Structure formats: structure tokens, C-alpha cells
Amino acid sequence: MASVITGAEIRTCLGDTTTTFKALVEGVSGVSPLRFHDTAKLNVTHGYQIDDGDVERPRRAAGWLTECVAAAAAQAGLDATTQRVTAIVGTGLRELRSVERFTADGVPVLPEELHFAAAVRAALPGVADVITVSNACSASGHALAIAADLLAADEADAVVVAGCDATTESMLTMIGRVGEEPTTSVRPFDRDRTGVLLGEGAAAVVVQPRGDGPVVLGVGLSCDAYHETAPDVRGIVAAMRDAHERAGITPDDVDLVLAHGTGTSLNDPTEAAALAEVFADVAERPLVTGVKGAIGHTSGAAALTSLVLAVESVRAGWVPPNVGLRTAIDEAADLRLVVDEPASISGPAVVQVDAFGFGGVNAVCVIEVAP
């Protein structure tokens, strides 16, 4: 059962939806030196952090989430006192940074603040249930799949689907142990890529059974459990094909792919191989772009952030280039990667949004967007 996106908003290191998309089209990167962290100890010097002041405010992720939910709900005209509204928040780390600051600096945090119920209800009082799912880097894609099921089962009149994550020292430590030299920018599908960097942000969309807006045709999922961190072509292909089947489309119908594109030696060749396999028999393959070179890897918010920016692309008629991509890897030779300049696109268009997480927890969304 298809559903309609009636409201949407994001926050990234580049700003809100409008300013982020404008910067993407112009090829701007939001990478900057890390704040609030001992970079020498972490072996990570840069990130895509939201600048919300010189002092690190507590529960930053929750604050961005509240802003996005409020904006998306207002666009959709939601009234949780008269409608059955459920909220599902996808995240990789919840409020882990608040726990780190409590442990290291004694900044107080209450257990209930680690869940996002209060943040959602601050924006939308009266919402029935607030469910948090922690499915790594595909979390908000999984949240969208759950929302589609709730609407299909007539368990809700509207579902607020969201994702958010903030930079944490625990994840920075993991990144810092991967490479010998610190990465200074994310370069998806580039031959000289040096690894991933964290991005901060939040995203929220409202989905309803009817209305005016982009249509969610289907969300495909897979959990291949191939490896703790390494992706598997078979699991990714399974998620893509599941998405196409649920959406009632074939690969020929896809006009644009928003790739996961993390700029790592494991993800990029694997995702490129999966896309080449799924679209092997398509005469004119879809355009392929990604946003992590501009806004970093936003973890649990990544799927929805890409989805909202895909909607903006079709509405504007321009697909932003892959920021940081100069020379494509061999595995991506058959992909129509958008490089250097924006590519034109006309609507209505069918868009595929990829999001893959640790443990092979994969989500692929298919939406149709009118110009």
C-alpha cells in the first residue's frame, strides 16, 4: 500500500532543507575541524558537525529532532488531539553523547531523556506512541517501513517518521582506528577516498494514506548478518529487489538513485557492484548521486535525509553532484554518477534511496516525486 509524504524537514551541518539543498547543488562541503573533542587522542580531526554555539549543549540530537518534527507536522497540518498519530524515530546511537558527557564531565542526564519521546511530544503534543528503533545506519529507512505497515493495517491516521544522531567520541574512536592518517573529507566512490566521517543531523517526514505530495511506493529490507561491519552484495541486492517488488516497479522505472556512498573501501565497491547487478539489463541506467561528501555520514538520520533531498532534487529539476568525487573507482564504471555539475531531471520521477547498516541491516526506499 502506497503512502503520501505530507510534510518533511531536515537539519544538517549545512542548515535546514532549503539551505542544505542549495549548498549541495553548488557543490559545497560542510566539513570542518572537530569541536568539543580531543582530536589528537581520537586520530580524527574533521567532521560534519552542526554549529549550534561555542558550548556543547546537552541532548543536541533531541533538540534537532524536535525542530524537524515540528516543521514536518506543521506542513502536514497534523493535530494529534483529533488524529491517531504515531511517531517512529530511527537512530544509531540515541543520546549516547549525553551519556559520555555525564560520565566524563558530570553533565546530568535522566534515563528517560535517552529515549526520544519527550523530544517528539515537545513538537507534537498528544502523539499516541513514540517508538525508537536503533538499526544502525539504515535506522530511519526501517522506521519508514514500519510506518508503511502501520498505515496499511489502519493502525494510525498519520505516522511521523524521523531519524537523528549526534557525534559521539565512541564512534570517533572506531573511525580513528581504521586508517593510519586522519580523513579530512568523505569522497564517495572516489579512487583516492580515505574513509568516512560522521555527520550530525535529524530528519522527519509525515506519511499519511492520502494527500498531496511524494508517494512512498515501497521499502525493501534485508538483514543478511554477513559480517559485523562489512557489507555483502547479496544482502544489498536482496533489499533493492524487495523494494522494487513492494513498489510494483522494475529497475527500468528508476530514474535516480541516492546512494549510501560512505567513501570507504568496503561500502563503495560493494554498493557499486550491487547497483550494476540490479540495473544490468536497463538500457538507460538511473543517475546516481550521494550526499555524504557534503554532509557526512548522519547515521540513523541518513536514509530520511537522502529521501528528503531526493524530493528536493526532482522538484527543482536538478540532481546535486557527488561532492568529493573526482576519479571514480573501477567498480562504478557502469554507473551514471553525477560528477562536478548538477544533472537535470524531469518529473514525475521514481527515486531509489539506499541505506545500509552494520550487520547487513539494509533498507531501500522507493518514492515517486512530481515536479
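Throughout this description, residue numbers start from 1 for each chain and increase along the sequence as written. Local features are withheld for residues below a pLDDT of 70 in this predicted model, meaning they are given only at 70 or higher, and side-chain atom pairs are given and counted only at 80 or more; totals for whole chains, interfaces and linings count all residues. To get the side-chain values, take all heavy atoms of the structure and skip hydrogens and water.

## Things to note about the pattern of salt bridges
Phase 1: Here, a salt bridge means any side-chain nitrogen of Lys or Arg that lies within 4 Å of a carboxyl oxygen of Asp or Glu. Taken as a whole and assessed by the stated rule, the structure comprises 20 salt bridges.
Phase 2: A salt bridge links Asp154 to Arg84; the shortest N-O distance between them is 2.9 Å. Taken together, the residues span a long stretch of sequence, with Asp154 in the loop between helix H6 (139-152) and strand S6 (158-165) and Arg84 in the loop between helix H3 (60-76) and strand S4 (85-90) at a distance of 70 residues.
Phase 3: We call a residue buried when its accessible area falls under 20% of the maximum for its residue type, exposed when it is over 50%, and partly exposed in between, using a 1.4 Å probe and counting protein chains only. Classification of Arg84 as partly exposed rests on a relative accessible area of 36%.
Phase 4: Salt bridges sharing partners connect three or more residues here, namely Glu56, Arg97, Glu100, Arg101 and Asp105. Put simply, DSSP H or I for four residues or longer makes a helix, DSSP E for two residues or longer makes a strand, and each gets a number counted from the N terminus.

## Quick look at the layout of surface pockets
Rolled over the atoms, a probe as big as a water molecule pinpoints where empty space is left.
Phase 1: Empty space within the largest pocket amounts to approximately 850 Å³.
Phase 2: For cavity detection a 1 Å grid was placed over the protein atoms alone, and a set of points counts as a cavity when a 1.4 Å probe fits there but cannot get out; an open set counts as a pocket when protein lies on both sides within 12 Å along at least five of seven lines, with lining residues being those that have an atom within 4 Å of a point. Together, 38 residues line the largest pocket, and Ile175, Val178, Val196, Thr264 and Phe358 are the ones closest to its centre.
Phase 3: Among the secondary structure elements, those contributing two or more residues to the lining of the largest pocket are helix H7 (169-176) and strand S14 (349-357).
Phase 4: The greatest single-element share of the lining of the largest pocket, amounting to 4 residues, is contributed by H7.
Phase 5: Partitioned by chemical class, the residues of the lining of the largest pocket number 17 nonpolar, 18 polar and 3 charged. Grid points are joined across faces, edges and corners, and a volume is the space filled by probe spheres set on the points. In this count, Pro and Cys sit with the nonpolar residues alongside Ala, Val, Leu, Ile, Met, Phe, Trp and Tyr, while Asp, Glu, Lys and Arg are called charged and the others, Gly among them, polar.

## Here we look at the packing of H6 against helix H11 (residues 302-316)
Phase 1: To define axes, lines are fitted to C-alpha atoms, for helices over the stretch in contact only, and angles between the resulting N-to-C directions are given on a 0 to 180 degree scale. Following both chains from N to C, one finds H6 and H11 inclined at 75°, their axes separated by 5 Å at the closest point. As judged from the angle between their axes, H6 and H11 are roughly perpendicular. In contact with Ser140, Gly141 and Leu144 of H6, H11 contributes Ala302, Ala303, Leu304 and Leu307.
Phase 2: Taken together, the residues of the contact of H6 with H11 sort by class into 5 nonpolar, 2 polar and no charged. Under this scheme an angle from 65 to 115 degrees is roughly perpendicular, one under 35 degrees roughly parallel, and one over 145 degrees roughly antiparallel; angles in between are oblique. Throughout, a contact is declared for two residues whenever any of their heavy atoms are within 4.5 Å.

## Observations regarding empty space enclosed by the protein
Phase 1: A full pass over the atoms with the stated rule returns 3 cavities of 30 Å³ or more.
Phase 2: In this model, the largest cavity occupies a volume close to 70 Å³.
Phase 3: Elements supplying a minimum of two residues to the lining of the largest cavity: H3 and helix H4 (96-105).
Phase 4: The greatest single-element share of the lining of the largest cavity, amounting to 3 residues, is contributed by H4.
Phase 5: Its residues assigned to classes, the lining of the largest cavity comprises 6 nonpolar, 1 polar and 7 charged.
Phase 6: Reported here for the second largest cavity is a volume of approximately 40 Å³.
Phase 7: Lining the second largest cavity, in full, are Val257, Leu275, Phe279, Arg285, Pro286, Val288, Asp334, Leu335 and Arg336.

## Quick word on the environment of Leu42
Phase 1: Mapping Leu42 onto the fold places it in helix H2 (residues 39-42).
Phase 2: For Leu42, a relative accessible area of 5% corresponds to the buried category.
Phase 3: C-alpha separation for the pair Leu42 and Ala283, spaced 241 residues apart in sequence, amounts to 47 Å.
Phase 4: Discounting chain neighbours no more than four positions away, the residues touching Leu42 are His37, Glu169, Leu172, Thr173 and Gly176.

## What about the side chain of Thr183?
Phase 1: Here Thr183 is to be found in the loop between H7 and strand S7 (201-208).
Phase 2: Assessed through its relative accessible area of 9%, Thr183 is described here as buried.
Phase 3: At 2.7 Å, the side chain of Thr183 and the backbone oxygen of Thr194 are in polar contact. The term polar contact refers here to a pair of N or O atoms within 3.5 Å; inside protein, the definition further demands a hydrogen-donor-capable atom paired with an acceptor-capable atom, and it admits residues adjacent in sequence only when both atoms are side-chain atoms.

## A few points about the nonpolar core
Phase 1: Core analysis: the largest hydrophobic core is formed by 59 residues, its most contacted members being Leu144, Val159, Val161, Val205, Val207, Leu307 and Val351.
Phase 2: Among the elements that make up this core, the one with the highest residue count is H11 (7 residues).
Phase 3: In contact with Leu307, not counting residues within four places along its chain, are Ile5, Leu144, Val353, Cys365 and Ile367.
Phase 4: Listed in part, the 31 residues of the second largest apolar core include Ala62, Cys68, Ala73 and Leu78. The nonpolar core is taken to be a set of buried Ala, Val, Leu, Ile, Met, Phe, Trp, Tyr and Cys residues, with the residues joined through side-chain atoms within 4.5 Å.

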